[in-house]
Number of protein chains: 2
Amino acid sequence: MSPRTKVQFEEIRQKSRENIEKIALELFAIKGYHATSISQIAEKAGISKGLLYNYYKSKEQLLDSVIMKVYDEIMRIVQMSENLPAEKQIEQMIIQTTEHLKKNITFWQLYLFLVHQSDVHKKLSELYEKMRDDYLNYVVKLFKEMGSKNPTMEALMLGTMFDGIGLNYVTAPEGYPLDEMSNYMIEIFVKNKKG
Amino acid sequence: MSPRTKVQFEEIRQKSRENIEKIALELFAIKGYHATSISQIAEKAGISKGLLYNYYKSKEQLLDSVIMKVYDEIMRIVQMSENLPAEKQIEQMIIQTTEHLKKNITFWQLYLFLVHQSDVHKKLSELYEKMRDDYLNYVVKLFKEMGSKNPTMEALMLGTMFDGIGLNYVTAPEGYPLDEMSNYMIEIFVKNKKG
DNA sequence: GTCTATAATATGATAGAC
DNA sequence: GTCTATCATATTATAGAC
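Values in this document were obtained by computation on a predicted structure and should not be read as measured data.

1. Thoughts on the overall build of chain A
Within chain A one finds 9 helices and 0 strands. For chain A, the sequential pattern of α-helices and β-strands runs α-α-α-α-α-α-α-α-α. Counting only residues that meet the buried cut, chain A has 51% of its 195 residues in that class. Of the contacts formed within chain A by residues at least 6 apart in sequence, a portion of 65% connects residues at least 24 apart. When the 26 positive and 26 negative side-chain charges of chain A are each reduced to one mean point, those points stand 4 Å apart.

2. Quick word on the protein's contact with DNA strand D
As a structural note, the neighbourhood of DNA strand D is formed by 17 residues, with Arg 13, Asn 54 and Tyr 55 of chain A together with Tyr 53 and Lys 59 of chain B the closest of them. Sugar plus phosphate, as a fraction of atoms of DNA strand D within 4 Å of the protein: 66%. With respect to DNA strand D, the backbone of Ser 48 of chain A contributes an N or O atom lying 3.1 Å from a phosphate oxygen. Elements represented by at least two residues in the surface near DNA strand D include exactly helix H1 (6–31) and helix H3 (49–55) of chain A together with helix H3 (49–55) of chain B. When grouped by side-chain class, the residues that make up the surface near DNA strand D number 7 nonpolar, 7 polar and 3 charged.

3. Section: the protein's contact with DNA strand C
In the neighbourhood of DNA strand C, 16 residues make up the surrounding shell, with Ile 38, Tyr 53 and Lys 59 of chain A together with Arg 13 and Tyr 55 of chain B lying closest. Per the 4 Å cut-off to the protein, sugar and phosphate atoms form 69% of the nearby atoms of DNA strand C. Between DNA strand C and the protein, one listed contact pairs a phosphate oxygen with a side-chain N or O atom of Lys 59 of chain A at 2.8 Å. Measuring from a phosphate oxygen of DNA strand C, one finds a backbone N or O atom of Ser 48 of chain B at 3.0 Å. When residues of the surface near DNA strand C are traced back to their parent elements, those giving at least two are H3 of chain A together with helix H1 (6–31) and H3 of chain B. Considering every element that reaches the surface near DNA strand C, the biggest residue donor is H3 of chain B, with 4 residues. Tallied by class, residues from the surface near DNA strand C come to 6 nonpolar, 7 polar and 3 charged.

4. With respect to the packing of aromatic side chains
Taken as a whole and judged by the stated rule, the model has 8 aromatic pairs over all chains. Ring centres of Phe 143 of chain A and Phe 189 of chain A lie 6.1 Å apart, and the angle between their planes is 55°; on these two criteria the pair is classed as tilted. Of the two residues, Phe 143 of chain A is situated in helix H7 (residues 122–145) and Phe 189 of chain A in helix H9 (residues 178–189); the sequence distance between them amounts to 46 residues. Owing to a relative accessible area of 0%, Phe 143 of chain A belongs among the buried residues under this scheme. For Phe 189 of chain A, a relative accessible area of 0% translates into the label buried. With 5.4 Å between their ring centres and 70° between their planes, Trp 108 of chain B and Tyr 111 of chain B make a pair best called edge-to-face. Taken as a pair, Trp 108 of chain B and Tyr 111 of chain B lie in helix H6 (residues 105–116) at a separation of 3 residues, close to a single helical turn. In this pair, the class of Trp 108 of chain B matches that of Tyr 111 of chain B, namely buried.

5. Description of the nonpolar core
Soluble globular proteins: nonpolar side chains tend toward being buried together. Counting 139 residues, the largest nonpolar core has Ile 90, Leu 158 and Phe 189 of chain A together with Leu 158 and Phe 189 of chain B as its most contacted members. When residues are assigned to domains, this core turns out to be shared by domain 1 (1–56) and domain 2 (67–193) of chain B, each giving three or more. With near-sequence residues (within four places) excluded, Phe 189 of chain A lies in contact with Ile 90, Phe 143, Met 146, Glu 154, Met 157, Leu 158 and Met 161 of chain A together with Tyr 184 of chain B.

6. Description of the relation of the copies chain B and chain A
Each copy superposes on the other: chain B lies on chain A with an RMSD of 0.1 Å after a rotation of 180° and an axial shift of 0.0 Å. The transformation relating the two chain copies, once decomposed into turn and shift, fits a two-fold axis. The rotation axis passes nearest to the C-alpha of Gly 164 of chain B in chain B, at a distance of 1.9 Å.

7. Some points on helix H9 (residues 178–189) of chain B
Given a rise of 1.5 Å per residue, 12 residues ought to cover 16 Å, and the 17 Å separating the end C-alpha atoms of H9 of chain B matches this to within 8%. Those residues of H9 of chain B lying buried are Leu 178, Met 181, Ser 182, Tyr 184, Met 185, Ile 186, Ile 188 and Phe 189 of chain B.

8. A few points about the side chain of Gln 117 of chain A
Looking at where Gln 117 of chain A falls in the secondary structure, it is placed in the loop between helix H6 (105–116) and H7. Here Gln 117 of chain A is in contact with Leu 124 of chain A together with Lys 31 and Gly 32 of chain B, once residues within four sequence places are set aside.

Conventions and cut-offs
- Residues numbered from 1 in each chain as written.
- Chains lettered and ligands numbered in written order.
- Predicted model: local features only at pLDDT ≥ 70, side-chain atom pairs only at ≥ 80, totals over all residues.
- Heavy atoms only, no water.
- Helix = DSSP H or I, 4+ residues; strand = E, 2+ residues; numbered from the N terminus.
- Buried < 20%, exposed > 50% of the residue type's maximum accessible area, 1.4 Å probe, protein only.
- Contact = heavy atoms within 4.5 Å.
- Lys, Arg positive; Asp, Glu negative; His and termini not counted.
- Charge placed at Lys NZ, Arg CZ, Asp CG, Glu CD.
- Near = heavy atom within 4 Å.
- Polar contact = N/O pair within 3.5 Å; in protein donor to acceptor, adjacent residues only side chain to side chain.
- Nonpolar A, V, L, I, M, F, W, Y, C, P; charged D, E, K, R; others polar.
- Phe/Tyr/Trp six-rings, centres within 6.5 Å; stacked < 30°, edge-to-face > 60°.
- Core = buried A, V, L, I, M, F, W, Y, C linked by side-chain atoms within 4.5 Å.
- Domains from an automatic or database assignment.
- Least-squares fit on C-alpha atoms with pLDDT ≥ 70 in both.
- Expected span 1.5 Å × (residues − 1).

Everything listed here is a matter of geometry and, on its own, says nothing about what the molecule does.
Here's what the structure looks like:
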């Protein structure tokens, strides 16, 4: 056995982090940040508390790392169809967000946690503001391209509806007519614009 | 000094409870349930921890009492204009909810906590479901009276928009165009129906 | 009805061995 | 890189005096 190289160590660290963050995201999303203990995360991740603190300075920092992934993922969805015309981009954004929501309820639960509890600490509220701004900048531009009379207002309304739909679907997925809501949004923000 | 009567004792208890619940609502709403300790509530309410446990069996039960008030208040707003024609009722509901939101941000923060974290314990999720059902029953009926093609869907969409708007306004009241959103809702759910 | 003191426990975080 | 043992603290909740 040759000694492990720097790269190999880095790989192990990476895998460990991913494992921890996957579990943390799940627990934070379902139980909430404060109701989730480090012990629970460590236990479910199959590691010791000590090791967890080797990777993250504090529980707060672990939350930051996890929320970062949420931010990245959401901006990815928003900008997913960059090359299409504005109208098609909005439509795709609605469709893709809906599909993502169906398959990743806990993810969106954590997103809602970010929105709802962003003032837990400073870094979190900064991240929320950044995400909000990035989303708005991008989507306002799209509505402008579509010749909207009030692009800011429309972008805000679209975001607001995403939030409302996410909140309702995440809370009670069974009874909620997600696809119909999705179609309704396409009607309002895309179809009704023609003519 | 004559000895205090039963009625007088009851009055004292009532006042104490109201005081405690007012503070608890505020702290639960701003910091979240788990991040708020009994000590903080007692301190801010100007009483001892011991007394608090004289009134409430547990922290969880205190939350239940506080959430109950939220439920009552929301149903009050929904049914506020009972005597008006359906169209006017919807319009008033939107206007009144908007005004209430402006003046009672912490209240709505706690409502959103109920929606978002209703599975903290069983009683809470039951209350959420009851509120949701009561709201839907009432509003679906209104949309039916207005001759809507899909009353359930419209009632759900209205509720969803309330949630989204509340979430956004509560999170960042400064930049959010609440009145414009309110007007937008009236356009969609009332004005566009005529003809 | 109200307070102080305290029990019982859980939590976030660290130290040190391997 | 990983674990066990432990510290310091904070939390919910109770007991008992006034």
